[in-house]
Amino acid sequence: MLRNRKWVGALAGCLVLLLGMFSSGNAATSGSHYTYGVEGVMGATPPPPGWHYRMYNFWYSPNELKDNSGNTVPGNFDLDVFASVQRIIHVTNIKILGADYFYDIVVPLVDTDFTFGPFSDSHSFTVGDMEIEPFALAWHQPRWDASFALAVIVPTGHFEGNEPASPGLGYWSGRLTLGGTYYFDDKKTWSASVLTRTLINSEQEDTNVTPGSEFVAEYGVGKEFQVNNTWMIRPGLTGASYWQISDDSDDLLQAGIVADQHKQAHAVGAEINLFYLPMLFQVNLRYLQEYGVENGPEDSRFVATLTKSW
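Residues numbered from 1 in each chain as written. Predicted model: local features only at pLDDT ≥ 70, side-chain atom pairs only at ≥ 80, totals over all residues. Heavy atoms only, no water.

Asker: Could you give an account of a nonpolar patch on the surface, naming the residues involved and the relevant values?
Answerer: On the surface, W59, V227, W231, I272, L274, L285, Y287 and F302 cluster together to form a nonpolar patch covering roughly 680 Å² of accessible area. Among the elements of the structure, β14 (264-276) and β15 (281-294) are those that each provide at least two residues to the nonpolar patch. Looking at the secondary structure, you find L285 in strand β15. (Patch = residues over 30% accessible without salt bridge, like charges linked within 9 Å, V, L, I, M, F, W, Y side chains within 5 Å. Areas by Shrake-Rupley, 256 points an atom, 1.4 Å probe, with all protein chains shown as cover. Salt bridge = Lys/Arg side-chain N within 4 Å of Asp/Glu carboxyl O. Helix = DSSP H or I, 4+ residues; strand = E, 2+ residues; numbered from the N terminus.)

Take a look at the structure:
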């Protein structure tokens, strides 16, 4: 009975969002301001100077919820999530420490249907929490690329502690990004990359709980093929891992109950990237299967990313 109560309280905090989309995990607070798995092969390599529009489309429909030991929690759990995240990136010609300076803004549109036991909630397609990344650097060398960035996630999405499918999470987050890509050949056709995100969160409104800090690693190995003067493709293997690395704050009923139960999730899969060179347009399709989840939902996730550059 106590276990069931603490899960209901955990889920009533808020649900799953990234950059306004979502992550896997429900301890004292559920969700995350970064959805692991949205970047894959060469995720640590920012684009060249210019303007870039990127749209991430994310589908996630788990019907199993895992507890602190990775076992399925009994009950009628059902979550259907679709998010379309709009990102505008400007890579400038300004050089800082030998790197290209860039900045970007992210606006998520979220649609969530959620059911767990007696709780049922849904939302129309609406704006979630926005991200502003005002300072980012990208280094490009013959055999490697590297990236560094600082961002803030603003609680612009509507949030209420008694609405599990709220489009926002009700707190601010600061985020540090570090990543690198290594090329195994001079033509840069073979690559391996790792992109990491570290998030520090503020106190959540309504619940007065401060979610624990988080660490995400996304990785991928790919091979690029020039089909002709018009098309280029890059298939690859990809994966991602998410860890909550500090406790939620010991506030309200969470004290001594779920505050020290950390969220964790991993996923592995494949992707293919298609480049239409005349228009500087690309499509990335990625499928990931989750495993090893603790304190969160577990299922497969699908991401379709469209990018247009100028």
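This is not the end of the story, as more comes after the structure.
Asker: Please give an account of the pattern of salt bridges that cites residues and values.
Answerer: Evaluation of the coordinates by the stated rule reveals eleven salt bridges. With its nearest N and O atoms 3.1 Å apart, the salt bridge here joins E133 to R175. Residue E133 is found in strand β7 (residues 130-140), and its partner R175 is found in strand β9 (residues 173-183); the two are separated by 42 residues along the sequence. Taken together, the salt bridges that share partners define one network made up of E39, R87, D104, E131, E133 and R175.

Asker: Run through the side chain of N201, naming residues and quoting values.
Answerer: Within the fold, N201 resides in strand β10 (residues 190-201). For N201, a relative accessible area of 8% puts it in the buried group. A polar side-chain atom of N201 sits 2.6 Å from a polar atom in the side chain of S173. Residues contacting N201, with those up to four places away along its chain left out, are Y171, W172, S173, T210, P211, G212 and E214. (Buried < 20%, exposed > 50% of the residue type's maximum accessible area, 1.4 Å probe, protein only. Polar contact = N/O pair within 3.5 Å; in protein donor to acceptor, adjacent residues only side chain to side chain. Contact = heavy atoms within 4.5 Å.)

Asker: Break down the nonpolar core for me, citing the residues and quoting the values.
Answerer: Y36, F58, F77, L79, F114 and F116 are the most contacted members of the largest nonpolar core, which has 26 residues in total. Sorting the residues of this core by element identifies β1 (50-60), β3 (77-96), β4 (99-116), β13 (231-244), β14 and β15 as the ones contributing at least two each. Among the elements that line this core, the one with the most residues is β3, at five residues. V91, F102, A136 and A138 belong to the second-largest nonpolar core, a separate cluster that totals six residues. (Core = buried A, V, L, I, M, F, W, Y, C linked by side-chain atoms within 4.5 Å.)

Asker: Quick rundown of the packing of aromatic side chains? Include the residues and the values.
Answerer: Applying the stated rule across the entire model yields eleven aromatic pairs. Plain terms: the ring middles of Y101 and Y103 are 6.1 Å apart, the flat faces sit at 40 degrees to each other, and that makes the pair tilted. Accessibility expressed as a relative area gives 17% for Y101, which makes it buried. Residue Y103 is classed as partly exposed on the basis of its relative accessible area, which comes to 31%. With 5.0 Å between their ring centres and 50 degrees between their planes, W231 and Y276 make a pair best called tilted. Here Y276 lies in strand β14 and W231 lies in strand β13, a separation of 45 residues in the sequence. Clustering of aromatic rings is evident, with ring pairs tying together W51, Y101, Y103, F135 and F148. (Phe/Tyr/Trp six-rings, centres within 6.5 Å; stacked < 30°, edge-to-face > 60°.)

Asker: So what's going on with unusual backbone geometry? Which residues, and what values?
Answerer: In this model, L97 sits at a positive phi of 55 degrees, which is unusual for a non-glycine residue. With respect to the helices, strands and loops of the structure, L97 is situated in the loop between β3 and β4. Even without a glycine there, the phi angle at L280 is positive, about 50 degrees. Among the secondary structure elements, L280 is positioned in the loop between β14 and β15.

Asker: So what about the environment of E131? Which residues, and what values?
Answerer: Take E131: it is sitting in strand β7. Take E131: its relative accessible area is 1%, and that puts it in the buried class. With 98 residues separating them in the primary sequence, E131 and H33 have C-alpha atoms 8.9 Å apart. A polar side-chain atom of E131 sits 2.9 Å from a polar atom in the side chain of R175.

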